[in-house]
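Coordinate analysis (summary)
The residues making up each chain are set out below.
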Amino acid sequence: MHNLIRIYNQNRIKIWIIVIGIIISITVIQNLNKAIRDENNKKNNKIIEQQKNTSIYKNESKSMVSGGTVSETKQDKYGNLIEQFLKYCINSQPEKAYDLLSSDCKKVLYPSEKLFEDLYYNGNFDKNKKYNFQSWSSSGRDIYLVKVYDNMLTTGRDNTSNYLQDYFTIIKENDSYKLNVGGFLGIKDIEKSKTKDNINILIKNSYVYMDYQIINLEVSNTTENTIKLTKNNDGEEICLQDSNGIKFKAMFNENIDEDFIIEKNKKKSLQIKFNNSYRVDVGLRKVNFSNIIKNYEKYKQDVDNYKDIIEIEIEL
């Protein structure tokens, strides 16, 4: 023991230098390890954050027609909404799917849940269905092409020729997003009118579909005669023109002759369908009524020689 004390007393400076060196080394090593751990944690957190911010619907968000991409902030919101709607339909929950429809879609296509089930849900969905969807356009309107088909693993049926193809449009209502389905893209407000010889035509709005448009109008006849908006009912007398100058004839197969007759001092609302497919960045320009009969009673008396006809063209 005395020898140890003597050795310590003779070498205590060296001993303390060694001890302090060891303590410093351990401290440095600990600090380096902590710095490395902190840096690794930062990298891991960054990777996790990047993964969180990466859309799971990135591939589905590349638009087929417009060439763009759905906004990154909306990709998952839109994808989740479409998935939820289709899952409700496949899992026999049409009432929940109906709740995801926009107010305009309900108003125009499915005023009741029963109509939605009869016209859209029934016959298109069951538990053996699968689906896929892809952004069709992200320019102007956010439209997705949706396909619902048989699950070959459970049905054994060929799913390449028998499937439902639809277009879903995403609509923002208040603070949430809703769907337009059935090829219905939405309602376009117009509210443009023109008056000539006491006949006023007001274009209120249009119901826009992928394959056609329906113009809603109101005609006010403040003359003392019954008038008629068409002469020959061949579709060419009422034309819709788009922003590219292309004209589309009215499709009169869904109207009757009486629709175009307005009695004196009366007002009438009617719908006219035009067979113009929706195209990105192409809008309406004008509606032309080229053969408005100012006195329908006289016209019926002498069809071949009647001349009192006017034209009304409304810029949109």
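This report concerns the structure included in the present document. Remember, predicted model here, so these are calculated numbers, not experimental data.

1. As for the packing of aromatic side chains
Using the criterion set out here, one finds 20 aromatic pairs in the structure. On the basis of an interplanar angle of 20 degrees and a centroid distance of 6.1 Å, the ring pair of Y296 and Y299 is categorised as stacked. You can see Y296 and its partner Y299 sitting in helix α7 (residues 296-301), three residues apart, about one turn around the helix. The same class applies to Y296 as to Y299, namely buried. Among the aromatic residues, ring-to-ring pairing joins F85, Y98, Y110, F116, Y120, Y121, F125 and F168 into one connected group. The positively charged end of K106 is found above the aromatic ring belonging to Y98, 4.7 Å away from the centroid. One residue, K273, lies across the ring of Y212, its end atom 4.0 Å from the ring centre.

2. Section: the pattern of salt bridges
Considering all chains together, one arrives at 13 salt bridges under this definition. Note that R279 is salt-bridged to D242, the shortest N-O span being 2.4 Å. Taken together, the positions of R279 in the loop between β12 (266-274) and β13 (284-293) and D242 in strand β9 (residues 238-242) put the pair 37 residues apart, joining distant regions of the chain. Residue classification places R279 among the partly exposed residues on the basis of a relative accessible area of 27%. Owing to a relative accessible area of 2%, D242 belongs among the buried residues under this scheme.

3. Notes on helix α2 (residues 72-90)
With 19 residues, α2 should reach 27 Å at 1.5 Å per residue; the first-to-last C-alpha distance of 28 Å fits that figure. Residues Q75, Y78, G79, L81, I82, E83, F85, L86, Y88, C89 and I90 constitute the buried set of α2. Residues of α2 that are buried sit in contact with α3 (94-99), α5 (113-121), β1 (129-137), β2 (143-150), β3 (163-173) and β4 (176-180). At the exit of α2 stands S92, carrying a positive phi of roughly 60 degrees.

4. A few points about a nonpolar patch on the surface
Taken together, the side chains of I18, I22 and I26 define a hydrophobic patch exposed on the protein surface, amounting to about 280 Å² of accessible area. On the basis of relative accessibility, which here comes to 44%, the residue I26 falls in the partly exposed class.

5. Notes on the environment of E258
Assignment of secondary structure puts E258 in the loop between β10 (247-251) and β11 (261-262). The partly exposed category is assigned to E258, whose relative accessible area is 46%. Residues E258 and K228, 30 residues apart in the sequence, show an inter-C-alpha distance of 8.9 Å.

6. Some details on the pairing of β1
Across eight bridges, the pairing between β1 and β2 is antiparallel. Each residue of the ladder has a partner; that of F133, found in β2, is V146. Hairpin connection, β1 to β2: the antiparallel pair is bridged by five residues, and G140 has positive phi, about 85 degrees.

7. Concerning the environment of N288
Note that N288 resides in strand β13. Each C-alpha atom of the pair N288 and C239 lies 5.2 Å from the other, and the pair is 49 residues apart in sequence. With sequence-adjacent residues up to four places away left out, N288 is seen in contact with E237, I238, C239, E311, I312 and E313. Engagement of the side chain of N288 in a polar contact is seen with the side chain of E311, the distance being 2.5 Å. Reaching out from N288, the side chain makes a polar contact with the side chain of E313 at a distance of 3.2 Å.

Calculation rules
Residues numbered from 1 in each chain as written. Predicted model: local features only at pLDDT ≥ 70, side-chain atom pairs only at ≥ 80, totals over all residues. Heavy atoms only, no water. Phe/Tyr/Trp six-rings, centres within 6.5 Å; stacked < 30°, edge-to-face > 60°. Helix = DSSP H or I, 4+ residues; strand = E, 2+ residues; numbered from the N terminus. Buried < 20%, exposed > 50% of the residue type's maximum accessible area, 1.4 Å probe, protein only. Lys NZ or Arg CZ within 6 Å of the ring centre and 35° of its normal. Salt bridge = Lys/Arg side-chain N within 4 Å of Asp/Glu carboxyl O. Expected span 1.5 Å × (residues − 1). Contact = heavy atoms within 4.5 Å. Patch = residues over 30% accessible without salt bridge, like charges linked within 9 Å, V, L, I, M, F, W, Y side chains within 5 Å. Areas by Shrake-Rupley, 256 points an atom, 1.4 Å probe, with all protein chains shown as cover. Pairing = 2+ DSSP bridges. Polar contact = N/O pair within 3.5 Å; in protein donor to acceptor, adjacent residues only side chain to side chain.

Everything listed is a geometric property; what it means functionally is a separate question.
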